[in-house]
Amino acid sequence: MRLAEIENIALNIGLVVFAGFIFFIIYDLAKKSKAGKFGTIILFFALGLGLAAFLVKTIIVELMEGGSF
């Protein structure tokens, strides 16, 4: 296995861990602020859009470069 392949796998694993940590932070924020169900949904929607935009940008750049996932 070449170094570039190891780096690519590590980056993908790191992004998944980062996304999970972001969702944990949003959940903890909703719990500590006693946001309720509707407030929690709004927090996940609003703050999750930033993470979703980052992930979509990564996918679009990868597709434009002609690479595979």
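Refer to the structure printed above.
Residues numbered from 1 in each chain as written. Predicted model: local features only at pLDDT ≥ 70, side-chain atom pairs only at ≥ 80, totals over all residues. Heavy atoms only, no water.

Trainee: It is not clear to me how the pattern of salt bridges should be interpreted in this structure. Could you clarify?
Mentor: Close approach of charged atoms allows side chains of opposite charge to pair. In total, this model carries 1 salt bridge according to the counting rule given. In this structure, the salt-bridge partner of Asp-28 is Lys-32, at a minimum N-O distance of 3.4 Å. Separated by 4 residues within a single helix, Asp-28 and Lys-32 lie in helix 1 (residues 3-32), roughly one turn from each other. (Salt bridge = Lys/Arg side-chain N within 4 Å of Asp/Glu carboxyl O. Helix = DSSP H or I, 4+ residues; strand = E, 2+ residues; numbered from the N terminus.)

Trainee: I would appreciate a short explanation of a nonpolar patch on the surface in the present structure.
Mentor: The grouping of Met-1, Leu-3, Ile-6, Ile-9, Ile-13 and Val-17 at the surface amounts to a nonpolar patch, some 650 Å² of accessible area in total. Looking at the element boundaries, Met-1 is found in the segment before helix 1. Judged by its relative accessible area of 74%, Met-1 is exposed. (Patch = residues over 30% accessible without salt bridge, like charges linked within 9 Å, V, L, I, M, F, W, Y side chains within 5 Å. Areas by Shrake-Rupley, 256 points an atom, 1.4 Å probe, with all protein chains shown as cover. Buried < 20%, exposed > 50% of the residue type's maximum accessible area, 1.4 Å probe, protein only.)

Trainee: Honestly, the environment of Asn-8 in this entry has me stumped. Any pointers?
Mentor: One can find Asn-8 in helix 1. Separated by 10 residues in the primary sequence, Asn-8 and Phe-18 have C-alpha atoms spaced 15 Å apart.

Trainee: What should I look at first to understand the packing of helix 1 against helix 2 (residues 36-64) in this one?
Mentor: In a packed pair of helices, the relevant descriptors are the angle between the two axes and the axis-to-axis distance. Close contact between helix 1 and helix 2 brings their axes to 9 Å; oriented N to C, the two are set at 160 degrees. Considering their axes alone, helix 1 and helix 2 lie roughly antiparallel with respect to each other. The interaxial crossing formed by helix 1 with helix 2 has right-handed handedness. Contacts between helix 1 and helix 2 involve Leu-15, Phe-18, Ala-19, Ile-22, Phe-23, Ile-26, Tyr-27, Leu-29 and Ala-30 from the former and Thr-40, Leu-43, Phe-44, Leu-47, Gly-48, Leu-51 and Phe-54 from the latter. Each residue belonging to the contact of helix 1 with helix 2 can be placed in one class, and the counts come to 14 nonpolar, 2 polar and no charged. (Axes fitted to C-alpha atoms, helices over the stretch in contact; angles between N-to-C directions. Parallel < 35°, antiparallel > 145°, perpendicular 65-115°, else oblique. Left-handed = near helix turned anticlockwise from the far one by under 90°. Contact = heavy atoms within 4.5 Å. Nonpolar A, V, L, I, M, F, W, Y, C, P; charged D, E, K, R; others polar.)

Trainee: Please explain helix 1 as it appears in this structure.
Mentor: Since there are 3.6 residues in each turn of an α-helix, residues three or four apart along the chain are aligned in direction. Relative to the 44 Å expected for 30 residues at 1.5 Å per residue, helix 1 spans 42 Å between its end C-alpha atoms, a close match to the ideal helical length. Burial in helix 1 covers these residues: Ala-19, Ile-26 and Ala-30. Residues of helix 1 that are buried in the fold lie against helix 2. (Expected span 1.5 Å × (residues − 1).)

Trainee: In this structure, what is going on with helix 2? I would like to understand it.
Mentor: Relative to the 42 Å expected for 29 residues at 1.5 Å per residue, helix 2 spans 41 Å between its end C-alpha atoms, a close match to the ideal helical length. Bending of helix 2 peaks at approximately 35 degrees at the position of Gly-48. On its buried side, helix 2 packs onto helix 1. (Bend = angle between axes of the 7 residues up to and from the residue.)

By themselves these figures say nothing about function.
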